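# What the coordinates show
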Amino acid sequence: MSELFINGGWEGATGGAVREINCPADETLVGTVAEADPADALRAIHAARAAFDGGWWKTTSVIERGQILERTAALMQDRLEEFARAESLDTGKRLVEARYDIADSIRCVRYFAQLGPTFSGRRVDTGDPKIESRVQYEPVGVAVLITPWNYPLLQATWKVAPAIAAGCTFVLKPSELTPSTSIMFMQALTDAGLPAGVGNLILGAGSAIGDTLTASPKVDMVSFTGGLETGKRVMISAAATIKKVALELGGKNPNVVFADANFDAALDNALTAIFLHSGQVCSAGSRLIIEESIHDSFVEQLVERAKQIRLGGPFDDNAETGALISAQHRDKVHAFVTAGIAEGATLLCGGQPIDGPGYFYPPTILGNCTTTMRCVQDESFGPVLTIETFTTEEQAVALGNDTYYGLAGAVWTQDAGKAQRVANALRHGTVWINDFHPYVPQAEWGGFKQSGIGRELGPNGLLEYLEAKHVYQNTDPEPSGWFSLAT
Ligand code: NAD
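What you see is a predicted model; the values in this text were computed from it and never measured. (Residues numbered from 1 in each chain as written. Predicted model: local features only at pLDDT ≥ 70, side-chain atom pairs only at ≥ 80, totals over all residues. Heavy atoms only, no water.)

Another point: the sheet that holds strand β14 (residues 346-349). Read from one edge of the open sheet, seven strands run β14-β15-β16-β13-β12-β17-β18, paired in mixed fashion. Two strands in the sheet have a free side with no partner beyond their single neighbour: β14 and β18 (430-433). Taken pair by pair, the neighbouring strands of this sheet meet at an average axis angle of 25°, ignoring direction. Across three bridges, strand β12 (residues 254-257) lies against strand β17 (residues 408-412) in parallel orientation. Directly across from V256, in β17, lies its bridge partner V411. (Pairing = 2+ DSSP bridges. Helix = DSSP H or I, 4+ residues; strand = E, 2+ residues; numbered from the N terminus. Axes fitted to C-alpha atoms, helices over the stretch in contact; angles between N-to-C directions.)

See the structure below:
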């Protein structure tokens, strides 16, 4: 097995360990990949460090780095179907969904290819004609990029593309459950001319190699996307060397529906908000917060529609959504639902795991919820929707903000003023008005509160990989005269 990519070459794990990758939809073997140990992780870090310190990569022009990204995007476009099938097999998501993901990934690579050259420093006017002062941007250095399993390629491109545009070198560590498209992405980058050592790929469990990657003094930055508890651990590990840390963590995202919303659109999108990819979306609309006067009719129809959602494998044309990533995750989701019922929620549909093969869990709706319940506060990362009600705009905002997360939320109303007031008042990194889920690479993505630190995408997504340096030059130096001359 030679799927680790270190210093420009494909190789196996030093210890010879391998991991089987199974399709979550039917538990069949997708493939076997190398499983790195800490020694492999250290070799990848050394390669990235040497490529950065060697100097010539960070002095390549931003145009050249953009061209590598453009060529990579073209290669990915040529192989879109192959990427999509690999993504579907690893994640169990429908092929049609995976195709969207790959197309989005390509758009992201192209965005950063084009954004890089538009970015420049600035001259500072100090008011003193003999002073030349400027702020310039330089690459942060060696970046460790750790990604989750729900959108494997997309999350990798959100990090790798700006890192390359900025002139960083990197070690990418995808989720151990879904490595296939990261392997293909690394091959495309190499085919597009990424020099040896600039991009390195390490596969394996975060529990075994994560600390090696995040604690190393040779690493300047860690960009991590994953769960809250792992994020805390990454931050602690990186703290010893005061690394720059960017975190994209979970969310418990409110979907606020007012009585004056377009009922049919709000209803349909409330389903997509939570049940797309079976709820395994960081921005899933997992909290429906609905105005009391329409609660009964809205929820009645929502439950009816949720019961009809068809589950199935990636290549099942009849399926509308897919499996959960693993048996362990399905059990966690079920325990979450059981605990919610125990604390007083009413089970309106779903709530029982579906027999295998495959790790399926039905769309599940919990009524009569309040913000003090754990099922309302914590992320299930599965197809589980909780329902709360409100009667005033202030209450709706207070409920929407009553969460320790702050990733995304939505407001549904046909009153433009109310829509703006609520959107401004919600403390979440993305707020949709009369929509749910869309994002564009030009706009920043990230979380308030415990949903993370920093931003991906947009100009700030590139800035994460840059250091600002102030260069101040006195063109006519004289003694300062601050201290008296010795007599
Ligand atoms: P996870 O935290 O279990 O794993 C994420 C990555 O971290 C994996 O590559 C894993 O191997 C690695 N890891 C595990 N332990 C580590 C350690 N000690 N040190 C370093 N790395 C380690 O998360 P997951 O289950 O793969 O993904 C689901 C979570 O990701 C959810 O909470 C979801 O909300 C979040 N997520 C957030 C965003 C966002 O943009 N905010 C996007 C996607 C997913």
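Let's shift gears to the pattern of salt bridges. Taken as a whole and assessed by the stated rule, the structure comprises 26 salt bridges. Between K173 and E176 there is a salt bridge, and its shortest N-O distance comes to 3.6 Å. Given the relative accessible area of 3%, K173 is considered buried. Measuring nitrogen to oxygen at the nearest pair gives 3.2 Å for the salt bridge that ties E229 to K232. Pair noted here: E229 and K232 are both in helix α8 (residues 228-239), with a separation of three residues, about one helical turn. Take K232: its relative accessible area is 36%, and that puts it in the partly exposed class. Salt bridges sharing common partners tie together E11, D40 and R43. (Salt bridge = Lys/Arg side-chain N within 4 Å of Asp/Glu carboxyl O. Buried < 20%, exposed > 50% of the residue type's maximum accessible area, 1.4 Å probe, protein only.)

Right, let's get into α8. The end-to-end C-alpha separation of α8 is 16 Å, in line with the 16 Å expected for twelve residues at 1.5 Å each. When we look at burial in α8, the residues that qualify are L228, G231, V234, S237 and A238. Those residues of α8 hidden inside the fold are in contact with α7 (206-215), β10 (221-225) and β11 (244-248). (Expected span 1.5 Å × (residues − 1). Contact = heavy atoms within 4.5 Å.)

This paragraph deals with the environment of G350. The residue G350 is located in the loop between β14 and β15 (364-367) in this model. Judged by its relative accessible area of 35%, G350 falls in the partly exposed class. Separated by 15 residues in the primary sequence, G350 and I365 place their C-alpha atoms 6.8 Å from one another. Setting aside residues no more than four positions away along its own chain, G350 makes contact with P362, P363 and T364.

Honestly, that's just the spatial picture; any functional story needs more than this.
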